[in-house]
Amino acid sequence: MEKKDTKIRTSLHPAVEENKILRPSPNNISSAARSLKQGKLIAFPTETVYGLAANAMSDQSVAKVFQVKERPSFNPLIIHFHNIKSAKKFVKFNKHASILAKKFWPGSLTLVLPKKKSCMISLLASAGLDSLAIRVPKNKIARELIKKSGLPIAAPSANISGTISPTTAKHVLQNLPKNNVKILDGGKCKVGIESTIIDLTKKNIFLLRPGGLEISKIEKILGLKILPHKNTSPSRPKSPGQMNFHYAPRIPLRINIKRIVPSEALLSFGKHKYRSFKKELNLSFRGNLKEAASNLFKMLHALDKKKFSSIAVMPIPKKGLGIAINDRLLKASKRKFS
Ligand code: TXA
Ligand code: MG
């Protein structure tokens, strides 16, 4: 049953015929890179979630990203690079940044670092801050696209602000239906949850968002404790990781459930004894957190249907990738319904 849910069926999707969803052939990647150079937006797969790419040096392209995503302009974007060398042209690396980049890039770690004076990234992309969030993604299609474009790429997740992040090309299409953005189809994102973001601009290292790379792995390599970030201004958060709700489905979501009612959909984890519900999807039958993270957004998308009264989510262990999963679920559960 689980296998069926994770299968990619983009070839049957009408959008393929409409040429909105593109197979990631060398030609299509080259043409997407050209589009980026011309100032257009492209949705593309990364190992974490699908991103909405724009030339990070162009105010006009970056403005389109904010517009398409309906994103508040005070919320800065992550800039994606092909390698450390190209990132170093824009930001100042310190010792910790160099160690982490060497160990975890390409991969699901975002570093917030001070900008260089010569930094040519659009001020809109960095929301006027003197720091920049940067990462080198691992996904092959993402790497090819960035390399061929020769640009620093601003890319938030390719969804309307506040909704569930996309982990398939079809999610992007469903989430941004009114826009003419082309989508490179890389199948299902392997990690399935956004990158871990840490702030390296201060004396202490702060966690801005738990994500696809376990915090314990970062602490181990640095031999340092990563501190939780204290939000100074809830209306202008340093990261949406600090916002009250985010990643929200359209129907209510209950977390850490002890009971379930028959009208609900169950998002389960491991084995259980619940019997009476409308539909079930299991994040990981074997209780594996990596598998659960990779399934989380896809299954939330699948259960976000008005025919269910709400989505009931079983408790997920708060360790390893479970920290990022619980973070997303907590925020998804906080949406207010009138
Ligand atoms: O996995 C990911 O990180 C995905 C893929 C596409 O790379 N991207 C993503 O972007 O999740 P987005 O825009 O949904 O989240 C970017 C986060 C936001 O929390 C934003 O506030 C934070 O990065 N951010 C960006 N620049 C920052 C800065 N200079 N200081 C602090 N936080 C920053
Ligand atoms: Mg996002």
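Above this text you will find the structure in question.
What counts, and at which threshold
Residues numbered from 1 in each chain as written. Chains lettered and ligands numbered in written order. Predicted model: local features only at pLDDT ≥ 70, side-chain atom pairs only at ≥ 80, totals over all residues. Heavy atoms only, no water. Helix = DSSP H or I, 4+ residues; strand = E, 2+ residues; numbered from the N terminus. Buried < 20%, exposed > 50% of the residue type's maximum accessible area, 1.4 Å probe, protein only. Phe/Tyr/Trp six-rings, centres within 6.5 Å; stacked < 30°, edge-to-face > 60°. Lys NZ or Arg CZ within 6 Å of the ring centre and 35° of its normal. Pairing = 2+ DSSP bridges. Polar contact = N/O pair within 3.5 Å; in protein donor to acceptor, adjacent residues only side chain to side chain. Expected span 1.5 Å × (residues − 1).

Asks: Which residues make up the environment of K230, and what values go with them?
Replies: Note that K230 resides in the loop between β11 (227–228) and β12 (253–254). When its relative accessible area of 68% is taken as the criterion, K230 is described as exposed. The spatial distance from the C-alpha of K230 to the C-alpha of L208 is 8.9 Å, given a sequence separation of 22 residues.

Asks: Residues and numbers for the packing of aromatic side chains, please.
Replies: Tallied over the full model, the rule gives two aromatic pairs. Taken together, a centroid distance of 6.2 Å and an interplanar angle of 80 degrees make the contact between F93 and W105 edge-to-face. Taken together, the residues F93 in the loop between α5 (84–87) and α6 (95–104) and W105 in the loop between α6 and β5 (109–114) connect sequence positions 12 residues apart. Both residues of the pair, F93 and W105, count as buried. The lysine or arginine in question, K88, covers the ring of F93, its NZ or CZ lying 5.2 Å from the ring centre.

Asks: Quick rundown of the sheet that holds strand β13 (residues 265–268)? Include the residues and the values.
Replies: Judged by pairing direction, the sheet is parallel, and its four strands sit side by side in the order β12-β15-β13-β14 without closing on themselves. If you trace the sheet from one side to the other, it starts and ends with β12 and β14 (279–282), each paired once. Relative to β14, β13 is paired through four bridges, and the arrangement is parallel. Paired with A265 across the bridge in β14 is K279.

Asks: Tell me about unusual backbone geometry, residues and numbers included.
Replies: The phi angle of most residues is negative, glycine excepted, and most peptide bonds adopt the trans form. In the segment running from W105 into P106, the intervening peptide bond is cis, with an omega of -5 degrees. Along the chain, P106 falls in the loop between α6 and β5. Despite not being glycine, E70 shows a phi value in the positive range, around 55 degrees. When you line up the elements, E70 lands in the loop between α4 (59–69) and β4 (78–80).

Asks: I'd love a proper account of the side chain of E264, names of residues and values included.
Replies: Tracing the sequence through the fold places E264 in the loop between β12 and β13. Side-chain polar atoms of E264 contact the side chain of S310, separated by 2.7 Å.

Asks: Explain helix α10 (residues 289–303) to me, and be specific about the residues and the numbers.
Replies: The first and last C-alpha atoms of α10 sit 20 Å apart over 15 residues, in line with the 21 Å expected at 1.5 Å per residue. Counting buried positions along α10 yields 13 of 15 residues, so the element is predominantly enclosed. Of the residues that open α10, the one with a side-chain oxygen 2.9 Å from the backbone nitrogen of K290 is N288.

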